[in-house]
Amino acid sequence: SLKSNKVNIILLFFIVAIVFVTLFSYTTSPLYDNYGDTFDSLIFQIIGKYWSEGKLPYADLWDMKGPFIFFIDCLGYGLTGNRYGIYIIEIICLSITLFYIYRTLILYLNRRNSFLFSLLSLTGLSYIYEGGNLTEEYLLPFMAASFFLVVKWLKNIEECSDENIRHEAWYSVVYGLTIGISFLSRLTNALPIFSAFFVIVCILIKKAEYKNLLYNI
């Protein structure tokens, strides 16, 4: 059934995420004791750890990054008392990211190819991962979900020949969360979704869907 297939895909991606994070997130993975020269992740962990113990970011400990990354590390240390809590959060985030990449690809490809290309996306991620626990990593699930909704909407327009151009307002809630999290970490991370939303605005204006545009704003 469709529901059981979805569960199986989620479980597969969860297993893949465990393997990937274990191998590549050397600042949080239980495989490694030597963190190398990854300075940022260690700073985030220090601030997150002490935040979980009652110290305040920017008052008792300081770094120039936004509070979202410190909150993630605080949550991780609150879960397990050590960096392995962050490791668990990374696995969950990557699982969700892969699932939404797959859902985007399956709009145009068959299941097998969608799954394979979802896994292929990890080759690029492994190259820029830099030991894990960086700001971009925790934005990926929101970005992947946002672009799934964008592509789904564009495909619907393509198939319906502009008959149903209405853009669901709750999609924009997801875009807003993505932008908000970027604002609380690094705003430039949101440039792709800003670009996508600009395209959506242009299409809605061209089709005189002003009421729908207002709902989305």
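Whatever comes next refers back to the structure up there.
No experiment lies behind these values; they were computed from the predicted model shown.

Attention shifts here to the pattern of salt bridges. Within this structure, the stated rule accounts for five salt bridges. Between Glu 136 and Arg 186 there is a salt bridge, with its nearest N and O atoms 2.3 Å apart. On the criterion of sequence distance, the pair formed by Glu 136 in helix α6 (residues 135-160) and Arg 186 in the loop between α7 (169-183) and α8 (191-206) is long-range, its members being 50 residues apart. With its nearest N and O atoms 3.1 Å apart, the salt bridge here joins Glu 168 to Arg 166. Judged by relative accessible area, which is 30%, Glu 168 ranks as partly exposed. Overall, the relative accessible area of 44% leaves Arg 166 in the partly exposed class.

It is worth spelling out a nonpolar patch on the surface at this point. On the surface, Phe 14, Ile 18, Ile 88, Ile 92 and Ile 96 cluster together into a nonpolar patch covering about 370 Å² of accessible area. Sorting the residues of the nonpolar patch by element identifies α1 (2-24) and α4 (84-105) as the ones contributing at least two each. With three residues, the single largest contributor to the nonpolar patch is α4. Along the chain, Ile 88 turns up in helix α4.

At a minimum axis separation of 11 Å, α6 and α8 run at an interaxial angle of 25 degrees. On the basis of their axis angle, the class for α6 and α8 is roughly parallel. Note that α6 runs across α8; the crossing there is left-handed. Mapping the contact onto sequence places Met 143, Ser 146, Phe 147, Val 150, Trp 153, Leu 154 and Ile 157 in α6 and Pro 192, Ile 193, Ala 196, Ile 200, Ile 203 and Leu 204 in α8. Broken down by class, the residue content of the contact of α6 with α8 amounts to 12 nonpolar, one polar and no charged.

A word on α6. The terminal C-alpha atoms of α6, which comprises 26 residues, lie 38 Å apart, in line with the 38 Å expected from a rise of 1.5 Å per residue. Taking the largest bend as the criterion, α6 deviates by roughly 35 degrees, centred on Pro 141.

Attention now goes to helix α5 (residues 111-128). Note that an α-helix has 3.6 residues per turn; residues three or four places apart therefore point the same way. The end-to-end C-alpha distance of α5 is 27 Å, a good match for the 26 Å that 18 residues give at a rise of 1.5 Å each. Those residues of α5 not exposed but buried are Ser 114, Phe 115, Ser 118, Leu 122 and Leu 125. Looking straight down α5, one finds that the buried residues subtend no more than 105 degrees of arc, so they occupy a single side. Away from the buried face of α5 by more than 90 degrees, exposed residues Arg 112, Thr 123 and Tyr 127 are located. The N-cap residue of α5 is Asn 110: its side-chain oxygen and the backbone nitrogen of Arg 112 are 3.3 Å apart.

Conventions and cut-offs
- Residues numbered from 1 in each chain as written.
- Predicted model: local features only at pLDDT ≥ 70, side-chain atom pairs only at ≥ 80, totals over all residues.
- Heavy atoms only, no water.
- Salt bridge = Lys/Arg side-chain N within 4 Å of Asp/Glu carboxyl O.
- Helix = DSSP H or I, 4+ residues; strand = E, 2+ residues; numbered from the N terminus.
- Buried < 20%, exposed > 50% of the residue type's maximum accessible area, 1.4 Å probe, protein only.
- Patch = residues over 30% accessible without salt bridge, like charges linked within 9 Å, V, L, I, M, F, W, Y side chains within 5 Å.
- Areas by Shrake-Rupley, 256 points an atom, 1.4 Å probe, with all protein chains shown as cover.
- Axes fitted to C-alpha atoms, helices over the stretch in contact; angles between N-to-C directions.
- Parallel < 35°, antiparallel > 145°, perpendicular 65-115°, else oblique.
- Left-handed = near helix turned anticlockwise from the far one by under 90°.
- Contact = heavy atoms within 4.5 Å.
- Nonpolar A, V, L, I, M, F, W, Y, C, P; charged D, E, K, R; others polar.
- Expected span 1.5 Å × (residues − 1).
- Bend = angle between axes of the 7 residues up to and from the residue.
- Arc of directions from axis to C-beta.
- Polar contact = N/O pair within 3.5 Å; in protein donor to acceptor, adjacent residues only side chain to side chain.

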